[in-house]
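Observations on the model geometry
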Amino acid sequence: WYMLYAVVEHHGKLDSGHYTSFVRRGSDWFRCDDAAVVLVDESEVQGAKLTSSSTPPAAPNNPRMGAHPGYSG
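Residues numbered from 1 in each chain as written. Predicted model: local features only at pLDDT ≥ 70, side-chain atom pairs only at ≥ 80, totals over all residues. Heavy atoms only, no water.

Of all hydrophobic cores here, the largest spans six residues; its members are Val 7, Phe 22, Trp 29, Val 40, Val 45 and Ala 48. Not counting chain neighbours up to four residues away, the residues in contact with Val 40 comprise Phe 22, Trp 29, Phe 30, Arg 31 and Val 45. (Core = buried A, V, L, I, M, F, W, Y, C linked by side-chain atoms within 4.5 Å. Buried < 20%, exposed > 50% of the residue type's maximum accessible area, 1.4 Å probe, protein only. Contact = heavy atoms within 4.5 Å.)

Below, the structure is given as structure tokens:
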């Protein structure tokens, strides 16, 4: 089991382009694009192009972010 907390997207070609990301804080999702950070609906995150994935490390024990159930650190 894992809890998704970020998604990184690459827009463009293999040798050029632009990165954006979605990050979660609590139950809210934000789209980060250079200097702009905007609250978005979870459906926008679910619609992101997924090219690869891996199990993220356990979330830090940060009360503002919410503790990961399997985190013991």
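What follows continues from the structure just given.
Scored by pLDDT, the protein chain comes out at a mean of 77, with 66% of its residues at no less than 70. The spread of mean pLDDT over the elements of the protein chain runs between strand E1 (residues 6-13), the lowest at 88, and strand E4 (residues 36-40), the highest at 96. (pLDDT = per-residue confidence, 0-100. Helix = DSSP H or I, 4+ residues; strand = E, 2+ residues; numbered from the N terminus.)

Turning to its location among the elements, Ser 21 is positioned in strand E2 (residues 16-25). Each residue touching Ser 21, except ones within four places of it in the same chain, is listed here: Val 7, Val 8, Phe 30, Arg 31 and Cys 32.

This paragraph deals with the pairing of E4. The sheet contact formed by strand E3 (residues 28-33) and E4 spans five bridges and is antiparallel. The residue of E4 that forms the bridge with Trp 29 is Val 40. Between E3 and E4, which pair antiparallel and follow one another directly, the connecting turn spans two residues, one of which, Asp 34, has a positive phi of 55 degrees. (Pairing = 2+ DSSP bridges.)

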